[in-house]
Amino acid sequence: MLAVGKSCSGHRPCSFQSDQMQHWFDSTTFVRSLVVIHSIEAVNAAGFLPGVRLGYIACDTCGHGAKAIQATQLLLSVNGTGPRSCDYSQFRPRVKAIIGSRFSEESIAVARLLGLYLVPQVSSTSSAEILSDKLSFPAFLRTIPSDVHQTRALARLVAHHGWDWVGVVSGDDEYGRAALQSFLANAAEQRVCVAFHEVLPHYLGHEDGRRRVREVAGRIRHSEAQVVLLILKPELVEQLFRELVPFGVNRTWIASDSWAVYQPLTQLAGINQLGDIFGFSFVTGRIPGFEEFLRRLQPRPGEENRFLEEYLRRRGPDDDALLGEVGSGPAYSTQLAVWAVAHALRSLLRCNATACPGPRDFRPWELLRELKRVNFTLDDRRFYFDESGDSVNGYDLIYWARNGTGRRFQVVGKYHLAEREVEVDRSLIQWSTPNGEVPVSHCSQPCPPGTAKKVSNIFCCYNCTPCVEGTYSNSSNADDCAPCPSGTWSLAGSAACRARDESYLRWDEAYAVAMLACGALGLAVLLAILGLFLAHRHTPAVKVAGGPLCYAMLAALAASFGSVALFIGRPDPYACQVRQPLYGLSFTLCVSCILVKAFRTYLAFLFDLGVQQRLKKLYRPGAILLLLTAVQGAICAFWLIFDGPRVEHLTAEQSMTVLVQCVEGSNVGFGIMLSYIGLLAFACFMLAFKSRKIPHWYNETGYIIFSMLVYLFVWVCFVPVYVTRSQQRAAVQASAILASNYGVVCCHLLPKCYFVLFKRAQNTPEAYQRKVRESIVSLDASALSGSLACSARSLDFGLVRHGPPALRYGRRYSH
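**Q** Account for the state of the cysteines, naming residues and giving values.
**A** A covalent bond between the sulfur atoms of two cysteines is what we call a disulfide. Across all of its chains, the model carries four disulfides by this definition. Across the disulfide from Cys467 sits Cys481; the S-S distance is 2.0 Å. The sign of the S-S torsion, about -80 degrees, decides the handedness of the disulfide formed by Cys467 and Cys481: left-handed. Highlighted residues: Cys467 in the loop between strand 18 (463–466) and strand 19 (471–472) and Cys481 in the loop between strand 19 and strand 20 (482–483), separated in sequence by 14 residues. Given the relative accessible area of 1%, Cys467 is considered buried. With relative accessibility at 22%, the residue Cys481 sits in the partly exposed group. Cysteine Cys550 shares no disulfide, and the gap to the nearest cysteine sulfur, in Cys593, comes to 8.5 Å.

Listed below in structure tokens is the structure:
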């Protein structure tokens, strides 16, 4: 992984090296690092950025994601300290761009970190499809196509040669899993069957790595599949080949891009015994001057470069040891990455032929913005990034031609992204079969239980078709699937049938227990409030709170809390028909009591005497409660008669579970019932809101406003949740009932209890008259006209003692 910065005086090479470098020296990675260095020197030598020279820092990630993150933190550090901020829009690290990492697993880890700071990362080898997701990796770009194209190309190559029985070996890292799933999807489109799929640990130091390699090698040897796709890192491919060479296993191998042009494998002992090898590599091209750069590679005077020293020690007299990598796809893509950064810098710094007058201390996201816009020509090829930050270049089809005791890479075809077609020049391929013909890979495998043999029009002998829902097969190679016995069912691909499970809100479920506990607690609280109000029934606080109305409210809330239990357990027709009307009527009665209290308060402090006298005739608490509750009763009766709630058994197509639930029958009836309560609650809110400026010691309007707001909020939220969560409707409505009940208890009743318990000195008729008188006298004089002020002063405060005071206040608003 290399980080690119700019320096006015020249480049600044340094290294972050592994202590075990001599054991893990990788010439391929070393060459690609040299391509970056050579390309940076070429940019500087060409004066592409007049007055600006690029520098670099090379960091060894050891092929490990954690090490890559450690290196990235070092590169982003400022004065030896990592960035710490909530806003990185002004973050200006020394490093302006990062080129790498080699493996997708590393790049995914690094890209997540760099995405936080929007430091651009340009990779020339990481091809995992997930990296195209710009929401997750906004700062990641690459000079190669995504694996979504590579796996499609691999599937097209297999189908092109008529191979329809293929084995697959992949790594257990994120790159391997994503590439595998993508290949399987594309293979299915091409009518290619997968004979087997094996997974190897991606981490080279895994304790079971060697054992798994041997197991996979055995699986390959005993499989009838003559074509094997290896989606692995090159070190794992080398281990696998070493296991297979002694057995003379001859197969056709398909390489993923990670090892399609891996030079060290070409000289593996016995490589020519393994059969033909194909792979898709990123588009190759020239790297002017790079061969000469490699030949004169020597440490500079006074420079310590352990990588170069190790290479020179291994190279010995062979000056051309690294030239096999020159012009390969990854090397060319690496050169593209450097030039892409250079073109973005040229645009950002507003460079011309003589100078770059743009700001030098720019933010990383500014460079990222320009990188996404680059469009330039290199080696007579147009290059730019698409909307996903990927290259739109295709692939070269690489054939590992025999070259003495080793292999050499030969381009024998191409894959065109736009046409999604493979172009192969078969005249350039010398097959390893005895007759020199294209090898054949056709086979049939036994169909396991749960499937049946179905002859198809693809080239496999037969397909193993999963049994459809309601059928099964309990033996291998069954000719047909048998229907399930009566009363039982099966999912697709089942080896047996069984009875469906019933799903409903059970009494022993944690959520049901929690709701029952909340309901029981609510009933206990109501019982305590009732006892408190009865014990203090002659006090002003209880009388002003409504007197008998409070007891009606408590009874209504108790019934509402009790209705919660009807939403739990296996639904039956009676419970379905009772629970909704019980809640509707009980909560309607509760809201009606609150409405009477709000109306009473509104009348008592209505200063327009004419309007007050007319509205006072309507104040008949008993009649109001009866009328409002009766309307709700009529709504529920019509609903139950014409299309009431009932029990339904709902079964999904791919499910062994029957959902047993109450459906509301007519949604119109259900909606009208809830809307009616909502209308009453809104009327309470409006009356309380209009009366909110009454004297403080008589003011219940705040409690009414808050309790009704809680109710309206709960049920406004209830509707979309109830509609979308069809399988949890019982729990959703029961939760809404509890929430609205507790809203009334907490916002309306408990404040009165607090006053009764803790304000006893102020809960006497004398103290209450005095406080009411003081509150009224303190009203803003500008709000009271002359006669009105006199009326306020002449209020009959003795009425507080004789209950219900509200309407009696109204009678004394005249001289």
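This is not the end of the story, as more comes after the structure.
**Q** Go over the sheet that holds strand 22 (residues 646–651), please, and point to the residues and values.
**A** Spatially, 21-23-22 is the arrangement adopted by the three strands of the open sheet, whose pairing is mixed. The open sheet has two edge strands, strand 21 (501–503) and strand 22, and neither has a second partner. When strand polarity is set aside, the average angle formed by the axes of neighbouring strands in this sheet is 30 degrees. Note that strand 21 and strand 23 (residues 657–663) share three bridges and pair parallel. Considered in strand 23, the bridge of Asp501 is made with Thr657.

**Q** Give me the lowdown on unusual backbone geometry, citing residues and values where you can.
**A** Cis geometry is found at the peptide bond from Gly100 to Ser101, where omega equals 0 degrees. Turning to its location among the elements, Ser101 is positioned in the loop between strand 4 (97–99) and helix 4 (104–117). With a phi angle near 65 degrees, Asp380 is a residue other than glycine that sits in the positive phi range. Secondary-structure assignment places Asp380 in the loop between strand 12 (375–378) and strand 13 (381–384). Classification of Asp380 by relative accessible area gives exposed; the value is 76%. One non-glycine residue, Arg420, lies in positive phi territory at about 55 degrees. Within the element layout of this structure, Arg420 appears in the loop between strand 15 (406–416) and strand 16 (421–424). On the accessibility criterion, Arg420 (45% relative accessible area) is partly exposed.

**Q** Describe a nonpolar patch on the surface, with residues and values.
**A** On the surface, a cluster of nonpolar side chains totalling about 410 Å² of accessible area is made up of Phe638, Ile641 and Phe642. Its location among the elements puts Ile641 in helix 18 (residues 621–643). In this structure Ile641 comes out as exposed when scored by relative accessible area, which is 64%.

**Q** I'd like a description of the pattern of salt bridges, backed by residues and values.
**A** If you walk through the whole model with that rule in mind, you get 21 salt bridges. With a closest N to O distance of 2.7 Å, Asp390 and Arg142 form a salt bridge. Taken as a pair, Asp390 in the loop between strand 13 and strand 14 (395–403) and Arg142 in strand 6 (residues 140–142) lie far apart in primary sequence, 248 residues in all. Owing to a relative accessible area of 0%, Arg142 belongs among the buried residues under this scheme. One salt bridge connects Asp208 with Arg211, and the closest N-O pair in it is separated by 3.6 Å. A relative accessible area of 28% means that Asp208 is categorised as partly exposed. Since its relative accessible area comes to 35%, Arg211 is described here as partly exposed. Connected through shared salt-bridge partners, Glu198, Asp208, Arg211, Arg212, Glu215 and Arg219 make up one network.

**Q** An account of the packing of helix 13 (residues 510–535) against helix 21 (residues 729–758) is requested, with residue identities and associated values reported.
**A** The interhelical angle for the contact between helix 13 and helix 21, taken along N-to-C directions, is 25 degrees, at an axis separation of 10 Å. When the axis of helix 13 is compared with that of helix 21, the two are roughly parallel. Regarding helix 13 and helix 21, the two cross each other, and that crossing is left-handed. Packed against helix 13, whose contacting residues are Tyr511, Met515, Cys518, Gly519, Leu521, Gly522, Val525, Leu526, Ile529, Leu532 and Phe533, the element helix 21 presents Ala731, Ala734, Ser735, Leu738, Tyr742, Val745, Leu749, Leu750, Lys752, Cys753, Val756 and Leu757 at the interface. For the contact of helix 13 with helix 21, the class distribution of residues is 19 nonpolar, three polar and one charged.

Rules used in this analysis
All residue numbers here refer to positions counted from 1 along the written sequence of the relevant chain. Totals for whole chains, interfaces and linings use every residue, but because this is a predicted model, local features are given only for residues with pLDDT of at least 70 and side-chain atom pairs only at 80 or more, for both listing and counting. Each side-chain value is worked out from all heavy atoms of the structure, with water and hydrogens disregarded. Here, two cysteine sulfur atoms that lie within 2.5 Å of each other are counted as a disulfide. Helix numbers and strand numbers start at the N terminus; a helix is a DSSP run of H or I with at least 4 residues, a strand a run of E with at least 2. Only protein chains enter the accessibility calculation, which uses a 1.4 Å probe; a residue is then buried when its area is under 20% of its type maximum, exposed when over 50%, and partly exposed in between. At least two DSSP bridges between two strands are required for those strands to pair. Fitted lines through C-alpha atoms give the axes, limited to the stretch in contact for helices. The angle between two N-to-C directions lies from 0 to 180 degrees. For patches, a residue must show more than 30% relative accessible area and have no salt bridge; joins then use 9 Å for like charges and 5 Å for nonpolar side chains, namely Val, Leu, Ile, Met, Phe, Trp and Tyr. Surface exposure here means Shrake-Rupley accessible area, sampled with a 1.4 Å probe, where a residue is shielded only by the protein chains that are shown. Salt bridge, as used here, is a side-chain nitrogen of Lys or Arg placed within 4 Å of a carboxyl oxygen of Asp or Glu. Roughly parallel means an angle under 35 degrees; roughly antiparallel, over 145; roughly perpendicular, 65 to 115; everything else is oblique. Crossing handedness is read from the near helix: turned anticlockwise from the far helix by less than a right angle, it gives a left-handed crossing, and turned clockwise, a right-handed one. Every residue pair with non-hydrogen atoms within 4.5 Å of one another is taken to be in contact. Charged residues are taken to be Asp, Glu, Lys and Arg, nonpolar residues to be Ala, Val, Leu, Ile, Met, Phe, Trp, Tyr, Cys and Pro, and polar residues to be all remaining types, Gly included.

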